[in-house]
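This is what each chain is made of:
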Amino acid sequence: MTHIDAGAELDPVHPVPVPGRATGLTGAEVAERVARGEVNDVPVRSSRSLTEIVRANVFTRFNAIIGVLWLIMLFVAPIQDSLFGFVILANTGIGIVQEWRAKQTLDALAVVGEVRPTVRRDGEATEVATSDIVLGDLIEAGPGDRVAVDGTCVEADGLEIDESLLTGEADPVVKRPGDALMSGSFVVAGTGAYTATKVGREAYAAQLAEEASRFTLVHSELRSGISTILKYVQWMMVPTAIGLVVSQLVVKEHGFKDSIARTVGGIVPMVPEGLVLLTSVAFAIGVIRLGRKQCLVQELPAIEGLARVDTVCLDKTGTLTEGSMDVAALRPLGDTDEEYVRRVLGALGACDPRPNASLQAVIDAYPDHGRWRCTQALPFSSARKYSGAAFSEDDGTHSAWLLGAPDVLLPDGDPALAETEELNRRGLRVLLLARVREDLEDPRVKEGAEPAALLALEQRLRPDAADTLRYFAEQDVKAKVVSGDNAVSVGAVAAKLGLSGAEHTVDARTLPEDRAEMADALDAGTVFGRVTPRQKRDMVGALQSHGHTVAMTGDGVNDVLALKDADIGVSMGSGSEATRAVAQIVLLDNSFATLPSVVAEGRRVIGNITRVATLFLVKTVYSVILALLVVCCQVEYPFLPRHLTLLSTLTIGVPAFFLALAPNTERAEPHFVRRVMRYAIPGGAVAGLATFVMYMIARHFYRGSGALDAETSSATLTLFLISMWVLAIIARPYTWWRVCLVAAMGLGFLLVLVVPWLQDFFALKLVGSTMPWTAVGVAAVAAVALELLWKWVGRRFTG
């Protein structure tokens, strides 16, 4: 709250006179501080640096294991047995390139969406980059602005700061000159200015701010699930590898190099080395695709998270409707003179240097005549639902006025509310202008308010809102409209957009405070009006308590707490700095219609990674089973590394890359590890057992010096055919390109079998016709078993 003296100096920038307005630093003082390094130099990054990208892709546990085995093979075996190492190099290179491209996209979008604080230098207000703020700068702040650095309040005009993101306390704190302001908090009402006392890494929330906007791959069910799988794989690898080493080196009296080669051949395929890479690539390409649609994904798991969302909470203003408004009607009440009302509204608009959309419509419709002096101002607060001002009029009389929600300012039963209801049913937003006699600082100021006029505002519907709501309905995602406006008015807007259930509106003031009861009411309702900022946060928590995955969209400061607590926060690019700071996804073009693209991208990533993860883990399972059977039966391991490199490339590596980037509209389901392993374990078991059976049949059939090579070739053919059937199942439902992909992989293997130099290179030569056709028969039986097993699993285990 600000009281203004009659002799105050008029500020040409701000309509309200501000006594003794500070001018800020001079250009020379700024240059001096920059030279001393007193600059806000905290790097706020939207992505990892190139060094971090390289480190994350190269220095992994499994890369280390594969790297050591690769070096060993380079010394003890022909180059073709070391091909798996070159594949790892290629995969890692692809991962680095794709993530670097994603970084460039993120950085470019972050620059577009960057907020530039306003500082006063040499008495003039100037926008600067956050990193250009220097110690001692005078920074202006208004509704929605985030406090960029720690400082001391110098000016305050009803300045209210929300420090909930730092302290957890949801109630706004009124700030007066001399009070401390902490970086990371944000302005919810009023205006002011503060002097920077701590900049750079010394600021209270510097590290929090950096972490909040950094490219991250954590808190993702997909990635945590893959990490869990890799942990179990690592545990299985150690005893299996020891058993292989003992059986191949000690029990079997073969040459050292050949034993080492076959031991490595048994260990390498256990590692699903491409799975982590493919997940990173899929996420990175998702970021690039969404970046082209002006969607800034501040945290990569947000793509996955929004795909899992089953409830979207939408704020009406700025989401379903455009931010700007037009005055549709002015209805004086009683014997109030309409011309006088217009003058009051013009003066009220001139009192706020940072008007919201409603007040801006008033300013546009009723210009200030400039002859009234504002003596007291009460900025709008979403918690209060009204603003106000007191004036010394041109004839010397004094008056005080409130402008806000009629059902908040008036008691039940007031005749003006009936007229308000009629306007609300038309979808108009209605404000009441009321005269008050109390001091504006009095919390009971609205008691006894005298209604003077009703102001009806018309909000323009977003042209894409109806289609977006229809998309969510088709995808079984429930849309809840949560607004601070009158419930009837909000319901009328939602009904125009075709939202199911919009006719049954709920006034949030009637919602129960008990979380369980509130959750029941939220499940039953669709449109909620007169929702306070704290209630928005409580509503998100209540929905989550019923097992819903909740996305919250918004653009105003009253949405920040709910955005922060929601599973996925989505902010409009034109929204306040505070909302963009806490949101995981920022729609830079302010288009609500972009959300379906994000959902679709998330579903593509999750669905496809689930598919290809099954491919990779079938290989891991059959590799472990083969190794265990070899150890138990005390026989030579049937494959050299070159054989499994060939099989992995044709049945997993190449097809998985294409399948991971293919369109996929399947709804995301939870329990990633369980769903993948329920197919991978039986699939890998069938493949491993069938291959070993064929290997043992071939051992009893072939004799002589080249027997082991013939046995290996028969086992390789069996495993390839079974793996191809697994690929054929994973590739369903078939499209032309998927059929071509599977066929191309089959032709690739056939090429190896018929081209002599490829036969020699991969040590594959089918001897006779009995064992090759036996291998085909064994593979056919295994394929039938796979089909039956996976169908049984699909029926037996759901969800």
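Our subject is the structure that appears above.
About the thresholds
Along every chain, residues carry numbers that run from 1 in the direction the sequence is written. In view of the model being predicted, local features appear only for residues whose pLDDT reaches at least 70, and side-chain atom pairs are presented and counted only at 80 or more, with totals across whole chains, interfaces and linings using the full set of residues. As a rule here, side-chain values come from all non-hydrogen atoms in the structure, and water together with hydrogens is ignored. Here a helix means four or more residues in a row that DSSP labels H or I, a strand means two or more in a row labelled E, and each is numbered from the N terminus. Residue burial is assigned from relative accessible area. The probe radius is 1.4 Å, only protein chains are included, and a residue is buried under 20% of its type maximum, exposed over 50%, and partly exposed in between. Working rule for contacts: check all heavy atoms of both residues, and any pair within 4.5 Å makes them a contact. Working definition of accessibility: Shrake-Rupley area with a 1.4 Å probe, residue cover restricted to the visible protein chains. A strand pair is defined by DSSP finding two or more bridges across the two strands. The axes are straight lines fitted to the C-alpha atoms, using for helices just the contacting stretch, and the angles between their N-to-C directions are given from 0 to 180°. Think of a salt bridge as a Lys or Arg side-chain nitrogen and an Asp or Glu carboxyl oxygen that are within 4 Å of each other. For this text, the term disulfide refers to a pair of cysteine sulfurs within 2.5 Å. Roughly parallel here means an angle under 35 degrees, roughly antiparallel means over 145, roughly perpendicular means 65 to 115, and every remaining angle is called oblique. Whether a crossing is left-handed or right-handed is set by the direction in which the near helix is turned from the far one by less than a right angle, anticlockwise for left-handed and clockwise for right-handed. The criterion is simple. A nonpolar core is a set of buried Ala, Val, Leu, Ile, Met, Phe, Trp, Tyr and Cys residues joined through side-chain atoms within 4.5 Å. Classification of ring pairs uses Phe, Tyr and Trp, with its six-membered ring standing for Trp, and accepts pairs whose centres are within 6.5 Å; under 30 degrees between planes counts as stacked, over 60 as edge-to-face, and the remaining range as tilted. Ring-over charges, as used throughout, are those where CZ of Arg or NZ of Lys falls within 6 Å of the ring centre and within 35 degrees of the ring normal. Charge counting treats Lys and Arg as positive and Asp and Glu as negative, with His and both chain ends excluded. Only residues whose relative accessible area exceeds 30% and that form no salt bridge enter a patch; like-charged residues are grouped when within 9 Å of one another, and nonpolar side chains (Val, Leu, Ile, Met, Phe, Trp, Tyr) when within 5 Å. All charge positions are set by atom: Lys at NZ, Arg at CZ, Asp at CG, Glu at CD.

Caption draft 1: Just the overall build of the protein, in detail. The secondary structure content of the protein amounts to 27 helices and 22 strands. By residue count, 58% of the 799 residues in the protein fall in the buried class. A sequence separation of at least 24 residues applies to 73% of the contacts in the protein between residues at least 6 apart. If you sum the accessible surface of the protein, you get close to 32300 Å²; carbon and sulfur atoms cover 58% of it.

Caption draft 2: Structural context of the sheet that holds strand β9 (residues 295-297). Taken together, 8 strands build an open sheet; the order of strands is β9-β22-β21-β20-β10-β17-β19-β18 and the sheet is mixed. Each edge of the sheet is formed by a strand with only one pairing partner; in this case those strands are β9 and β18 (505-507). Here the average twist between neighbouring strands, direction ignored, is 20°. As paired elements, strand β10 (residues 311-314) and strand β17 (residues 478-482) share 4 bridges and run parallel to each other. Its bridge partner lying in β17, Cys 313 is registered against Lys 480.

Caption draft 3: Fine view of the pattern of salt bridges. Under the criterion given, the structure shown has 25 salt bridges. Where Asp 137 meets Arg 121, a salt bridge forms, and the shortest distance between an N and an O atom there is 2.5 Å. Here Arg 121 lies in strand β2 (residues 118-121) and Asp 137 lies in the loop between β3 (124-127) and β4 (138-141), a separation of 16 residues in the sequence. The same class applies to Asp 137 as to Arg 121, namely buried.

Caption draft 4: Structural view of the environment of Leu 764. Relative to the helices and strands, Leu 764 resides in the loop between α26 (756-762) and α27 (770-796). When its relative accessible area of 1% is taken as the criterion, Leu 764 is described as buried. Residues Leu 764 and Arg 642 lie 122 residues apart in sequence; the distance between their C-alpha atoms is 9.8 Å. With near-sequence residues (within four places) excluded, Leu 764 lies in contact with His 643, Leu 646, Ser 713, Thr 716, Phe 749, Val 752, Leu 753 and Gln 759.

Caption draft 5: Focus on the state of the cysteines. In this structure the tally under the stated criterion is 0 disulfides. Cys 295 takes part in no disulfide bond, and the closest cysteine sulfur, belonging to Cys 313, lies 19 Å away. With no disulfide of its own, Cys 633 has Cys 632 as its nearest cysteine by sulfur position, at a separation of 6.4 Å.

Caption draft 6: Spotlight on helix α10 (residues 301-308). When you tally the buried positions in α10, you get 8 out of 8 residues, the bulk of the element. Looking at α10, one finds that the buried residues are Pro 301, Ala 302, Ile 303, Glu 304, Gly 305, Leu 306, Ala 307 and Arg 308.

Caption draft 7: Spatial organisation of the packing of helix α9 (residues 273-291) against helix α21 (residues 595-633). At a minimum axis distance of 10 Å, the contact between α9 and α21 shows a crossing angle of 165°. By the angle class used here, α9 and α21 are roughly antiparallel. Between α9 and α21 the crossing geometry is right-handed. Judged by residue contacts, Glu 273, Gly 274, Leu 275, Leu 278, Thr 279, Ala 282, Phe 283, Gly 286, Arg 289 and Leu 290 of α9 engage Ser 597, Val 598, Glu 601, Arg 604, Val 605, Ile 609, Val 612, Ala 613, Phe 616 and Lys 619 from α21.

Caption draft 8: Layout of the nonpolar core. Phe 84, Ile 609, Val 612, Leu 615, Phe 672 and Phe 749 are the most contacted members of the largest nonpolar core, which has 95 residues in total. Setting aside its immediate chain neighbours within four residues, Leu 615 contacts Thr 651, Ile 652, Ala 656, Leu 659, Val 726, Leu 727 and Ile 730. Ranked by size, the runner-up nonpolar core spans 38 residues in total, among them Phe 472, Val 477, Ala 551 and Ile 585.

Caption draft 9: Local environment of the packing of aromatic side chains. Scanning the entire structure with this criterion turns up 12 aromatic pairs. Here the aromatic cluster, defined as three or more aromatic residues joined through ring pairs, consists of Tyr 340, Trp 372, Phe 391 and Trp 401. The lysine or arginine in question, Lys 231, covers the ring of Tyr 232, its NZ or CZ lying 5.7 Å from the ring centre.

Caption draft 10: Structural view of the side chain of Arg 462. Relative to the elements of secondary structure, Arg 462 occurs in the loop between β16 (450-461) and α15 (465-474). Buried and unpaired, Arg 462 has no salt bridge, with Asp 464 as the nearest side chain of opposite charge at 5.2 Å. Once residues lying within four places of it in the same chain are set aside, the contact partners of Arg 462 are Gly 318, Thr 319, Leu 320, Thr 321, Glu 322, Asn 590 and Phe 592.

Caption draft 11: Focus on a nonpolar patch on the surface. A cluster of nonpolar residues, Leu 71, Leu 74, Phe 75, Ile 79, Phe 86 and Leu 89, forms a patch on the protein surface that exposes about 620 Å² of accessible area. Counting only elements with at least two residues in the nonpolar patch, the list comes to α3 (61-76) and α4 (83-112). Tallying contributions element by element places α3 first for the nonpolar patch, with 3 residues. The class for Leu 71 is partly exposed, based on a relative accessible area of 48%.

Caption draft 12: Examining the pairing of β2 more closely. Bridge count for β2 against β3 is 4 bridges, and the pairing is antiparallel. The residue of β3 that forms the bridge with Arg 121 is Glu 124. The antiparallel hairpin formed by β2 and β3 contains 2 residues in its connecting segment, where Asp 122 sits at a positive phi of about 55°.

Caption draft 13: Structural detail: a negative patch on the surface. Negative charge collects at one region of the surface, where Glu 438, Asp 439, Glu 441 and Glu 447 lie side by side. On the secondary structure map, Glu 447 appears in the loop between β15 (429-436) and β16. Judged by relative accessible area, Glu 447 falls into the exposed class, the value being 56%.

Caption draft 14: Representation of the pairing of strand β8 (residues 186-198). By the criterion of burial, β8 is predominantly enclosed, with 10 of the 13 residues buried. Bridge count for β4 against β8 is 4 bridges, and the pairing is antiparallel. Considered in β8, the bridge of Leu 138 is made with Thr 195. Bridge count between strand β5 (residues 150-162) and β8: 10 bridges; the pairing is antiparallel. Within the sheet, the bridge partner assigned to Cys 153 lies in β8 and is Tyr 194.

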